[in-house]
Amino acid sequence: MTYDIVIKNGSVIDGTGAERFKADVGIVDGKIKTIGTITDDAKEIIDATGQIVSPGFVDGHTHMDAQVSWDPLGTCSVWHGITTVVMGNCGFTLAPCAAKDKHYAVRNLERAEDIAGAAMEAGIDWTWETFPEYLDSVERLPKGINYSGYIGHSALRTYAMGERAFEDVVPTRAEMDIMKKELADSVKAGAMGFSTSRTRNHQTPAGDPVASRMASWDEVTELVDVMKDLDTGIFEIANEEVGRDPKNQREYHERLRDLAVESGRPVTYGVFGSRRAPDVWPPYFDLMEETAEAGGKMFIQVHSRALNVLMSFETRMPFDNYPIWKEMRKKSLTEQEADLRDPEMRAALVSSAKGDNPDPRKAAGPEIRRPNYDWLLVMDNIEGPHKTVAELAEETGKDPVEVIIDVALENNMKVFFRQPIFNENQDHVLEMMKHPRSVVTFSDSGAHVSQIMDSSLQTHVLSHWVREKNAFTLEEAVHMLTAQPAEAWGFADRGLLKEGMAADVIVFDADRVAPLMPEVKHDLPAGARRLVQKAEGISITIVNGEVLMRDGEHTGAYPGKLLRGPLAGQPEASAVA
């Protein structure tokens, strides 16, 4: 026979966690046909000598719902070996929503997920109203990687309730029925499940709660029960912030546990550690065990490093809303540099920055009340160690703001200041990653595009936790990034190199693979800016049997697919009351 592609001479890590082995991998019609010794002809032979051949990585937490409309390649995820993503997390989706009401979807997404409204207006051809129609739209788009997604609560609520969705009101019976029917129709059409947010970080541009935050727990439960009746679908939630009060925390945990047990649906959410509350995260891991013992299923999404806000004069700085700074930051970068070099202006800027931020509304971003210079680091290289502004201030005897100005000028205004806001304790991060019921994911790719760059969390696992820290074997890490998330989200034919599976494959150099330094680009629709980050050491990315990337460059192919949930294409399921 003639293979479409044969990958020869590589070390296969198949995703199961088993030790690597030497084998050829043969691909035919988008599937893995043979793993072993291959002597037959092939249309293309890829020489993987000295490299690892593994399944493509799976990311279960992205917000690429808007980006897929204007970025067929799937950046930045694709640069880091990702071949499959789950979008629609945290209740944020573009559907259901008619084009005439798209301002509701934009209101929910623009601030909470830092996706520019101008980019969405310019980059999205709004051809749908219902979520099944949105899925059909995504299916028609050219795609480099594979996409799947939840239907989001905020969109459901605004679809049924309009402006009332942003008010603290209970939906009418008719409005609730609209939400339930649309949810049922969406799951039947291939939605992976239902997502919501109850976290105060998720705000509209006006600083008000997004629509899902106005829902009662009874409303959430009634919607999850739609999936119970259909016997399929995952429930994803951005957690309520219950603080450190054990009573409040326990009450919320019992609600989550009971929902998982009574609905029979898997419940998933993300957890980060915090230096300010180091005792909050462990009970969530205990909750997983408690839920399993009670007969429910629950898994936690965890990160592989600190959750960092990246600040720079090219994007945002902690002082952007301060007097004097606010006017200066409207100028071009060249003009700002001149102001920073002017002694009188510099003194005024330093003085102004000693006060409090006059608009400290967004928790997950640079608009904080006042910078903590002990936790503001100069990111002059990718791996670190990075010195804090406080350390540099002590070394030089200067005010911390003067240090920030000096560092910016020394780097032509193109340096990042890294502010960890969660997961500061890397021992805790490692403990969370090693928990048997956690899944390493949560890149938020497609969101927070000018503040956070976590699309590289998978290559960070390989470079930092495997190569530098020896915390995992390479086989353990590949299993963690492939088979584990594929199983958690029900991708039965992905996440493993196994005969008959979909041919999503990457070839990488274990000694070189690593994220590169982030950059600032203005490549979104309408010229909106974002952070981008590429990787080195990944030589080949194959999606559904076609070579998508060679040495970080796109081949021109778009082999990605929409991956629908298990009810898609089946006979009509029973009606939901």
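Residues numbered from 1 in each chain as written. Predicted model: local features only at pLDDT ≥ 70, side-chain atom pairs only at ≥ 80, totals over all residues. Heavy atoms only, no water.

Draft legend 1. Summary view of the side chain of Asp406. Here Asp406 is to be found in helix H13 (residues 400-410). Not counting chain neighbours up to four residues away, the residues in contact with Asp406 comprise Arg346 and Lys398. (Helix = DSSP H or I, 4+ residues; strand = E, 2+ residues; numbered from the N terminus. Contact = heavy atoms within 4.5 Å.)

Draft legend 2. A look at the pattern of salt bridges. Scanning the entire structure with this criterion turns up 45 salt bridges. Here Lys31 makes a salt bridge to Asp493, at a shortest N to O gap of 3.9 Å. With a gap of 462 residues between them, Lys31 in strand E3 (residues 31-36) and Asp493 in the loop between helix H17 (483-488) and strand E18 (505-508) connect regions that are remote in the sequence. Across the salt bridge formed by Asp101 and Lys100, the nearest N and O atoms sit 3.0 Å from each other. Owing to a relative accessible area of 65%, Lys100 belongs among the exposed residues under this scheme. Salt bridges sharing partners connect three or more residues here, namely Arg250, Glu254, Arg257, Asp258 and Glu290. (Salt bridge = Lys/Arg side-chain N within 4 Å of Asp/Glu carboxyl O. Buried < 20%, exposed > 50% of the residue type's maximum accessible area, 1.4 Å probe, protein only.)

Draft legend 3. Spatial organisation of the sheet that holds strand E10 (residues 193-197). Sheet architecture is open: six strands sit in the order E9-E10-E11-E12-E13-E17, paired in parallel fashion. With one partner strand each, in any of the chains shown, strand E9 (151-152) and strand E17 (438-440) form the two edges of the open sheet. Bridge analysis of strand E11 (residues 234-238) against strand E12 (residues 267-270) gives two bridges, and the strand direction is parallel. Across the sheet, residue Phe235 finds its bridge partner in E12, namely Val267. Running over the sheet, helix H8 (residues 282-293) touches E12, strand E13 (298-302) and E17 and is turned about 155° from E13. (Pairing = 2+ DSSP bridges. Axes fitted to C-alpha atoms, helices over the stretch in contact; angles between N-to-C directions.)

Draft legend 4. A look at unusual backbone geometry. Ala95 connects to Pro96 through a cis peptide bond whose omega is 5°. Residue placement: Pro96 occurs in the loop between strand E7 (82-87) and helix H1 (102-110). That bond from Gly384 to Pro385 is cis: its omega, 5°, falls within 30 degrees of zero. With respect to the helices and strands, the residue Pro385 is situated in the loop between strand E15 (377-379) and helix H12 (389-396). Residues other than glycine seldom take positive phi values, yet Asn470 does so here, at roughly 55°. For Asn470, the position within the fold is in the loop between helix H15 (457-468) and helix H16 (474-481). Among the residues examined, Asn470 registers a relative accessible area of 63% and is labelled exposed. Positioned with a positive phi, Asn544 is a non-glycine residue whose angle comes to about 50°. Structurally, Asn544 can be placed in the loop between strand E23 (538-543) and strand E24 (546-550).

Draft legend 5. A look at the pairing of E7. Where burial is concerned, most of E7 is hidden: six out of the six residues are buried. Of the strand pairs in this sheet, strand E6 (residues 57-59) and E7 are connected by three bridges, and their pairing is parallel. Bridge pairing links Phe57 to Ile82 in E7.

Draft legend 6. Examining helix H7 (residues 246-263) more closely. Between its first and last C-alpha atoms H7 spans 25 Å; for 18 residues at 1.5 Å apiece the expected length is 26 Å, and the two agree. Those residues of H7 that sit buried are Gln249, Tyr252, His253, Arg255, Leu256, Arg257, Leu259, Ala260 and Ser263. Those residues of H7 that are buried lie in contact with helix H6 (217-230), E11, E12, H8 and E13. Taking the backbone nitrogen of Lys247 as reference, a side-chain oxygen 2.8 Å away marks Asp245 as the first, capping residue of H7. Positive backbone phi, at 75°, marks Gly264, one or two positions downstream of H7. (Expected span 1.5 Å × (residues − 1). Polar contact = N/O pair within 3.5 Å; in protein donor to acceptor, adjacent residues only side chain to side chain.)

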